[in-house]
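Spelled out, the chains give:
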Amino acid sequence: MSAILTHTGFQSDEGAVIHKQAERAKRPAKAGEGQDVQVRRYAMQREAQKVLTGFTYTRKRDGVDHGCTYRVTRCHRNPNSRAWNPGVDVMHYPDTGRYGYGNLVTCGSTWHCPICSPKITEYRRAELAAGAASIMGRDGEIAMVTLTYRHSIDLPLAESLKAFYKAREKFFAGRAFKDAMRDVGAVGRVYSTEVTFGVNGWHPHIHVLVLCEKRIPGIVERLARLRDQWARSVVKSGLGLINEHGFDVRNGDYAAEYIAKYGHEPAVFTWSAAHELTKSHVKQGRAGNLTPFDLLGILATRQGVEVGDRIIGPAEAENLFREYAVQFQGRQQLYWSKGLREQLGLENDRTDEEVADGEGDSDIIGTITSDEWREVLRLNGRGQILAMLGKYGRQALPEILALLPKLNPNRPDEPWFREENKFRGY
Ligand SMILES: [Zn+2]
C-alpha cells in the first residue's frame with residue numbers, strides 16, 4: 001500500500017492533507033511552468049485557433065440543432081465585455097511567480113486548448129491522487145484496466161470511435177463486468193478516455209481505475225478474466241479481434257504511476273532547444289505515438305515528426321487535429337462512477353471551465369488597452385509578453401507596451417522577440 005502513497009505524495013490518514021492538495025491544484029504546479037512553457041502553450045493554442053476558425057459543430061438545444069463555433073478560437077484572446085474598463089488585465093500570481101492575463105474569455109476545453117488543458121488536468125490529477133489516498137488509507141486497493149482494440153491507418157476516427165463506444169457500452173453493462181466489480185469489492189471506478197496517433201492511425205483507449213475497499217489477493221488475475229468479455233464486445237461492435245495489447249490489467253503500483261503522471265505533457269519536442277538540437281526538420285515521435293497537442297507542436301514549429309516510416313508534416317497535422325477536435329468536442333475526458341466522489345470525501349465537482357478560470361491569488365499589475373491588445377494579437381505575442389515580464393519583472397510592462405506599435409511581425413530579429421522567435425508567426 002505504501003507504493004501509491006509514495007508515488008502520489010499523499011498521507012493516507014488525514015483529510016486535511018487531501019484538501020490541501022486539492023486546494024494547491026487550483027493553481028498550476030511549479031514544475032515545467034517556466035517562461036518557455038508559456039510561450040509554447042500560447043503558440044500551440046494559436047495553431048488550434050487557426051485550425052478551428054470558421055468551423056462549427058452542432059449542438060442540440062430545446063430539440064433544435066444549433067451551429068456553434070469552437071470556444072478555443074476565442075480563448076485568452078477575446079476580452080470579456082466589461083463596460084467600466086475594457087481591455088485586458090495583466091496579472092501576477094505571487095504563489096508561482098508567474099504572469100497571466102485577466103478579463104479574457106476562457107474556453108475550459110481539455111481536448112482543444114493547450115492553455116486551459118494543463119490547468120484542468122493538474123486539478124484533476126490532484127483529485128485522483130486524493131481519491132487514491134483515501135482508498136489506500138482504508139487499506140483498500142486500486143487496479144487499472146486498459147481497453148483498446150486493433151485499428152488501422154485507413155480507419156477514420158469517427159467510425160473507429162463509434163464502434164469503440166459501442167463496445168465500451170456493451171462491456172460495462174455486461175453481467176461479467178458487474179460480477180467482477182462485485183467480486184473485487186469495487187467502491188467505484190474512474191474512467192479516462194485518451195487518444196494518440198501512431199503508426200496504425202488513431203489509437204483511442206480507456207483507462208479504468210477500479211477502486212476497491214479492501215485488498216483482494218489476486219485482483220489482477222480476477223480482472224484479467226474479463227479479457228474474453230472485452231474481446232467479444234469489440235467483435236460484436238464490428239472492430240475485429242483484439243491483440244495482446246487490447247486488454248490490460250495492472251496493479252496498484254502502475255495505477256499510482258498513472259495518477260502521478262496524469263495530464264503531464266509528454267514532450268516529443270524539446271521545445272526550448274528545438275532548433276539547436278538538430279538541423280533536421282524531422283524529429284522522432286516518442287515511441288511512435290503523437291498526442292493531439294504534439295500535432296499543434298508540428299504546426300507551431302513547422303517541423304515534421306517521424307512516426308514509423310512516415311513523416312507527419314504540418315499539412316497532415318492540421319487535418320488530423322481537426323478530425324480529432326471535431327470528434328472529441330463536448331465529450332467528458334474523466335468520468336467518476338456515480339457516488340464515488342462522495343464516498344471518497346471529495347468536494348463538489350468543479351466544471352472544467354471553473355477550474356480553467358481560477359488560478360489562485362493574483363495582483364493586477366496593469367491593464368492593456370483594447371488598442372494595445374490588438375497589437376499584441378497582431379504580433380501573436382501573448383506568450384512572449386508574459387515571458388518578458390517573467391524575465392524583466394513587472395516594471396517592464398510600460399516599456400513593453402510602448403514598443404508594440406513599432407514591432408513588425410515579419411521581422412523575427414525584432415529586439416525583444418529575438419530570444420523567443422523560435423515559433424512561427426513572428
Ligand atoms: Zn482555453
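Okay, the sheet that holds strand β13 (residues 363-368) next. One open sheet holds the three strands; their spatial order is β4-β3-β13, and the pairing between them is antiparallel. Across the chains shown, the open sheet's two edge strands, defined by having one partner strand only, are β4 (98-102) and β13. Between one strand and the next, the sheet's axes are offset by a mean angle of 30°, whatever the strand orientation. The pairing of strand β3 (residues 88-93) with β13 spans five bridges and is antiparallel. If you follow His92 over to β13, its bridge partner there is Asp363. Lying over the sheet, helix α16 (residues 382-392) contacts β3 and β4, oriented at roughly 140° with respect to β4.

Let us now look at the coordination of the zinc ion. Working reference: metal with six octahedral donors, ideal angles 90 or 180 degrees; metal with four tetrahedral donors, ideal angle 109.5 degrees. Cys75 (SG), Cys107 (SG), Cys113 (SG) and Cys116 (SG) make up the full set of protein donors to the zinc ion, lying at 2.3 Å. For the zinc ion, the four donor atoms in the first shell make angles of 104 to 115° at the metal, so the coordination geometry reads as tetrahedral. Mapping the donors of the zinc ion onto the primary sequence yields the spacing C-x31-C-x5-C-x2-C. One end of the pair, Cys75, is in the loop between β2 (64-69) and β3; the other, Cys107, is in the loop between β4 and α4 (116-137), and 32 residues separate them in sequence.

So, about empty space enclosed by the protein. A full pass over the atoms with the stated rule returns one cavity of 30 Å³ or more. By volume, the largest cavity is sized at about 40 Å³. Around the largest cavity sit Leu128, Gly131, Ala132, Ile142, Val190, Leu209, Leu211, Ile259 and Trp336, which together line it. Elements supplying a minimum of two residues to the lining of the largest cavity: α4 and β7 (201-212). Looking at the lining of the largest cavity, the element that brings in the most residues is α4, giving three residues. Across the lining of the largest cavity, the residue classes tally to eight nonpolar, one polar and no charged. Split by domain, the lining of the largest cavity shows at least three residues from each of two domains, domain 1 (1-136 + 335-426) and domain 2 (140-264).

What counts and what doesn't
- Residues numbered from 1 in each chain as written.
- Predicted model: local features only at pLDDT ≥ 70, side-chain atom pairs only at ≥ 80, totals over all residues.
- Heavy atoms only, no water.
- Pairing = 2+ DSSP bridges.
- Helix = DSSP H or I, 4+ residues; strand = E, 2+ residues; numbered from the N terminus.
- Axes fitted to C-alpha atoms, helices over the stretch in contact; angles between N-to-C directions.
- Contact = heavy atoms within 4.5 Å.
- Donors = N, O, S within 2.8 Å, 3.2 Å for Na, K, Ca; no water.
- Tetrahedral: all angles 85-135°; square planar, octahedral: opposite > 155°, others 65-115°.
- 1 Å grid on protein atoms, 1.4 Å probe; cavity = no way out; pocket = protein on both sides within 12 Å on 5 of 7 lines; lining within 4 Å.
- Points joined across faces, edges and corners; volume = space filled by probe spheres on them.
- Nonpolar A, V, L, I, M, F, W, Y, C, P; charged D, E, K, R; others polar.
- Domains from an automatic or database assignment.

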